[in-house]
Amino acid sequence: MEQQVLKGTTTVGVVCADGIVLASERRATMGHFIASREAKKVYKIGDTVGLTIAGSVGDAQQIVRYMTVESKLYEMRRKESVTIKGLTTMLSNVLNSNRYYPYSVQLLIGGVDKNGPGLYSLDAMGGMIEETKAVSTGSGSPIAYGVLEDNYTEGMNVDEGAELAIRALHNAMKRDAASGDAISVVKIRNGTFARMDDEEVKKYRKSLN
């Protein structure tokens, strides 16, 4: 019997003037079966750094544990936080070194460091791209991109970016069966990593219907 792998799907990252927004829906699937309606896909890996996952949940969770530890060790040794680019390069090397037995993931790393807001996307082979506006990964990303590209504006703040991310995911969830249920949103700015309240997200989603 073929073993089914728990998978996550659509995620979104938005670069804002004052920070970064990371968001995802919460559905996890095993083939055509909805295995979870509360899957966690946005993780904190540093005081002002987050990571989103699309793909194999098990692979992604292992990566999250590794990167969280490495981030803390760097801070202890250097007495300063690792930059977003430095952290992304480290993860890119890990993914590339496992290319013959690759992690089945698409990842976004975003946050704020001494250089300002930064957002990067990574594929399973370790390819990294610096994103300057908005990005989406996972099966619902083609639909999410339509909303992101149509509504993104230069200089938008984190609150506006959060609304855009919710709108993009809301529309993706309407058409992509592997994406659904609730939405998680994280706002990173002013040295803080803050998750939006579920009720606030639901209220904004109701205004979109």
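In the block above lies the structure referred to throughout.
Bear in mind that the values here come from a model prediction, so they are computed numbers and not experimental data. Residue numbers run consecutively from 1 along every chain, following the written order of its sequence. With pLDDT at 70 or above as the cut-off, local features in this predicted model cover only qualifying residues; side-chain atom pairs require 80 or more to be listed or tallied, and sums for whole chains, interfaces and linings still use all residues. Just so you know, side-chain values use all the structure's heavy atoms and leave hydrogens and water out.

Turning next to the packing of helix α4 (residues 158–175) against helix α5 (residues 198–208). Angle between the axes and distance between the axes are the two parameters that describe a pair of packed helices. Between N-to-C directions, angles span 0 to 180 degrees; the directions come from axes that are lines fitted to C-alpha atoms, helices contributing only their stretch in contact. Each helix is a run of H or I in the DSSP string that is no shorter than four residues. Each strand is a run of E no shorter than two, and both are numbered from the N terminus. In contact at an axis separation of 10 Å, α4 and α5 are set at 65° when each is read in the N-to-C sense. Handedness of the crossing formed by α4 with α5: right-handed. On α5, the residues touching E163, I166, R167, H170 and M173 of α4 are V201, Y204, R205 and L208. Each residue gets one of three labels, nonpolar for Ala, Val, Leu, Ile, Met, Phe, Trp, Tyr, Cys and Pro, charged for Asp, Glu, Lys and Arg, and polar for the others, Gly among them. Here the contact of α4 with α5 is composed, by residue class, of 5 nonpolar, 1 polar and 3 charged. Handedness of a crossing is defined here by the sense of rotation of the near helix relative to the far one, left-handed for an anticlockwise turn of less than a right angle and right-handed for a clockwise turn. Pairs of residues are marked as contacts when any of their non-hydrogen atoms sit within 4.5 Å.

Let's shift gears to the side chain of R26. Along the chain, R26 falls in the loop between β3 (19–25) and β4 (28–30). One polar contact links R26 to S184, side chain to side chain, over a distance of 2.8 Å. Under this definition, polar contacts are N or O atom pairs within 3.5 Å; protein pairs additionally need one hydrogen-donor-capable and one acceptor-capable atom, and for neighbouring residues in sequence, both atoms have to be side-chain atoms.

The topology assignment puts L108 in strand β8 (residues 105–113). Burial classification: accessible surface area is computed with a 1.4 Å probe over protein chains only, and a residue below 20% of its type maximum counts as buried, one above 50% as exposed, and the rest as partly exposed. Here L108 falls in the buried class, since its relative accessible area comes to 0%. Linking L108 and G140, residues 32 residues apart in sequence, is a C-alpha distance of 15 Å. Those residues within four positions of L108 in sequence are excluded, and the remaining contacts are T11, V12, G13, G50, L51, T52, Y120, S121, V135 and T137.

A few words now on the pattern of salt bridges. By definition here, a salt bridge exists when the distance from a side-chain nitrogen of Lys or Arg to a carboxyl oxygen of Asp or Glu is within 4 Å. Applying the stated criterion across every chain yields a total of 7 salt bridges. Here D18 and R189 are joined by a salt bridge, their closest N and O atoms 3.8 Å apart. Placement of D18 in the loop between β2 (11–16) and β3 and of R189 in strand β12 (residues 183–189) is noted, with a sequence separation of 171 residues between them. Across the pair E25 and K41 runs a salt bridge whose closest N-O atoms are separated by 2.6 Å. Here E25 is found in strand β3, whereas its partner K41 is found in the loop between β5 (33–36) and β6 (42–46), with 16 residues between them in sequence. Classification of K41 as buried rests on a relative accessible area of 1%. Overlapping salt bridges, with partners in common, bring together D18, D159, K187 and R189 in one network.

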